[in-house]
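Fold and geometry: a report
Spelled out, the chains give:
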Amino acid sequence: MSNPIVQQLNPSQRRAVQTVDGPVLIIAGPGSGKTMVITHRIAYLVDTIQISPFQILAVTFTNKAANEMRDRLVNLIRGKAHAVTVKTFHAFCSSVLRRYGKHIGLGSDYTIFDSEDQRDALKMAMEEVEVDPKRYPIRGIQSAISRAKSTMLDVHRFKTKGQSFYDEIVGKVYGSYERILSANNGVDFDDLLLKTLIIFKSQPSVLEQYQKRFFHVMVDEFQDTNIVQYQLAKILSGSFRNLCVVGDPDQAIYSWRNADIRNILSFQQDFPDAALIELEENYRSTGNILDVAKGLISANKQRIEKKIWTVKERGSHIVVHECFTGKEEANFIMEEINRLMTKKNRMLNDVAIMYRINAQSRALEEACLRYGIRYRIIGGVRFYHRREVKDLISFLRVINNPGDQISLLRVINIPPRGLGTRSIEKIIMCSRREHLSVYEVIQGIIEGNIPEHQLSSRSLKALEGFFLTIEELRVSAGVIDISQTIEMLLEKIGYRNYLEQTGNLEDRWDNILELKGMAQEFISGDSSGDLTALLEHLALVSDVDTLKENSDGITLITLHQAKGLEFPVVFMTGMEEGLLPHYRSMDSEEGIEEERRLCYVGITRAKQELYMTRAFRRGLMGSSGSSIPSRFLQEMPQDLLSGPQLIRQKSRYAQVIKDTDILEDEVEEIPMPVLKTGDKIEHKIFGNGIIISLSGNSFDQEVVVAFKDAGVKRLLLGYAPIEKV
DNA sequence: CAATATGATGTTTTT
DNA sequence: CATCATATTG
């Protein structure tokens, strides 16, 4: 009872920690101490029940979550924490495949293809089976194949199951794509999971080894696992049945990655005896924030009702602010941050700005620079996808796995050495004809074993230079360490010089140095430090993982990346129809509900202050249209919000109130003049005008104004800077 | 035949 | 607005 591990926990948390026999389902609301429960549960298993830490597997959603969990475990159980396996599904599977991939014909130096590589491979595949990428966009095929793999359909089963004509096309490409992958000794993200599952199912001895080892299996963010991941968790815990999953259906935001909330239902069916534990008390957010979140999420129809509550104070109102442009939105936020710092003693670290899409970050970044506010940004143009970084990684991949043709072809002419599309085509032809990998063909040509290459002597010379460079690096890579290899590579191909010619050298070179630094850090870390391990690390670390908590600055982050994090002050930007909810999700009810959950996730990141902003015009993708407020704003309890779209506001803007829209108890709080047809008004930009007509409800009041100079305009009141004259 | 310039074209979220 | 594909130039 007086066990120190459980002392500070509330009763449900304690139950979650101490229920260690058999299957357990923990439904954990936001801020309910989920991570604490998981770490304490592990500590309890190790210190109280005396389970060997070596026999515990904890699966997390991101590497960052894994690291954080490990850190917290160290505090609880000291050195024993390092014996616990804490990994993402992908990282765990990768380690299994490195060891046992040979059972399914996978060499241990396989390359992990990210979605960009995947696209290149698909292009090749489509060419091979003559599917026109114009008619059948790669993205669509990519996601169809991913969906297939996430639901355990291999090429054969996909082909027999598929019905539509499109399925037939996808089936063809899928088959060719798989051949290309295996020829490259490459796997994509989905393969990491699926191939591991296949090994477990087909190699009883391998499975048994893992099953015997992991006495306890825990899965975090269970609502965002896909079917393969669930199968993995189930099969791994097969011999002891000690599977504990933790999740929150209201925070499921990855269905587009084939996560399947139904896993929670499947779990309850598969384990009818599972203990169900609900964590309802929120320790993170103020009462107002939590109530806004609750109000919003209750608009979802497909939902299991869940209680969440807090004993915390009401806290500040949620501020809703509307601006003319994205730039103004950013400026407002900066001003507000400055105010919070001087008036409320906030630190930059306390603040996060969240957005739906990465493209929104640009305006915010620029504003940070203007205002001299330090910031750290996650993603944006993802670091690992930047051209120069990708170039370097591709070179390293070729050195590590010459069978990786995708990477090879990407860098064969970098920097330009006179091997254009034509020459490359010829090389590929050779490789088809001789049934050799591209690298083998190149070797053959150089060594004179393949005379019918048809390459000009100039191209031949260039090719030889390329080949010798790679060979030299491959040989020396075995002796010198990785950062020296990188150094040598950059030197040999004259990469710096190349960047100099292409312009903006500084930024790009900085990125190269950063990657080099990362490699350095990696080899001095606890891993084996070889090239294979580094490349695996680079493929599997996400950008969120690199978020440095200690450095001083505000955080710019997408709503998706923000899952699992918390900040005292949160700004949610772009609260507009089309952005949140995103227009690509707006054609289905499920899509909208997922967007709503995403919004819910954002809100519940906030501990004390929450702002929601929107812009009337946003400069996304070239020209911009005007936007209307996100429906989610209207779904929140209005009395907890304060801002100009509300009736009780201290806006500088005029506001029209129609009789039917006046809420009785708020009438006296309306300070604004009421506009009617014929009123003379003045617009900040368009100048003087007369109101011709009014329409719409109080939320999007539309007014038609005849301006003296600017002609007749339709405007939305509340956003249009209009004043009655 | 390779490299560059220009124009069109399409943009969520990520392991 | 930034990438991609095609046209043009060297």
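These notes cover the structure that comes with them. (Residues numbered from 1 in each chain as written. Chains lettered and ligands numbered in written order. Predicted model: local features only at pLDDT ≥ 70, side-chain atom pairs only at ≥ 80, totals over all residues. Heavy atoms only, no water.)

1. Re the overall build of chain A
Along chain A, the regular secondary structure elements total 27 helices and 20 strands. Looking at chain A as a whole, 56% of its 725 residues qualify as buried. Here the analysis covers contacts within chain A between residues at least 6 apart in sequence; of these, 73% occur between residues at least 24 apart. When the accessible surface of chain A is summed, it comes to about 32500 Å², and 50% of that surface belongs to carbon and sulfur atoms. (Helix = DSSP H or I, 4+ residues; strand = E, 2+ residues; numbered from the N terminus. Buried < 20%, exposed > 50% of the residue type's maximum accessible area, 1.4 Å probe, protein only. Contact = heavy atoms within 4.5 Å. Areas by Shrake-Rupley, 256 points an atom, 1.4 Å probe, with all protein chains shown as cover.)

2. What to know about the sheet that holds strand β10 (residues 351-355)
Taken in spatial order, the seven strands line up as β11-β12-β10-β13-β14-β9-β15 in an open sheet, and their pairing is parallel. A strand with exactly one partner marks an edge of an open sheet, and here the two such strands are β11 (375-377) and β15 (641-642). With six bridges connecting them, strand β9 (residues 318-325) and strand β14 (residues 606-617) associate as parallel partners. Bridge pairing in β14 places His-321 opposite Thr-613. On top of the sheet, helix α26 (residues 589-603) reaches β10, β13 (567-572) and β14; it is set at about 140 degrees to β13, its chief contact. (Pairing = 2+ DSSP bridges. Axes fitted to C-alpha atoms, helices over the stretch in contact; angles between N-to-C directions.)

3. Looking at the pattern of salt bridges
Counting across every chain of the model gives 40 salt bridges. Across the salt bridge formed by Asp-291 and Arg-314, the nearest N and O atoms sit 2.5 Å from each other. Of this pair, Asp-291 sits in helix α13 (residues 287-297) while Arg-314 sits in the loop between α13 and β9, placing them 23 residues apart in sequence. You can call Arg-314 partly exposed: its relative accessible area is 43%. A salt bridge links Arg-596 to Glu-635; the shortest N-O distance between them is 2.7 Å. (Salt bridge = Lys/Arg side-chain N within 4 Å of Asp/Glu carboxyl O.)

4. Some points on the nonpolar core
Counting 47 residues, the largest nonpolar core has Phe-395, Ile-412, Ile-427, Ile-442, Leu-463 and Tyr-495 as the members making the most contacts within it. It is helix α16 (residues 387-400) that contributes the most residues to this core, seven residues altogether. When near neighbours in sequence (up to four residues on either side) are disregarded, Ile-442 contacts Leu-408, Ile-412, Ile-427, Leu-463 and Phe-467. In terms of nonpolar packing, the next biggest core, distinct from the first, is built from 42 residues, Tyr-110, Leu-207, Tyr-210 and Ile-235 among them. (Core = buried A, V, L, I, M, F, W, Y, C linked by side-chain atoms within 4.5 Å.)

Spatial relationships are all this shows, so hold off on functional conclusions.
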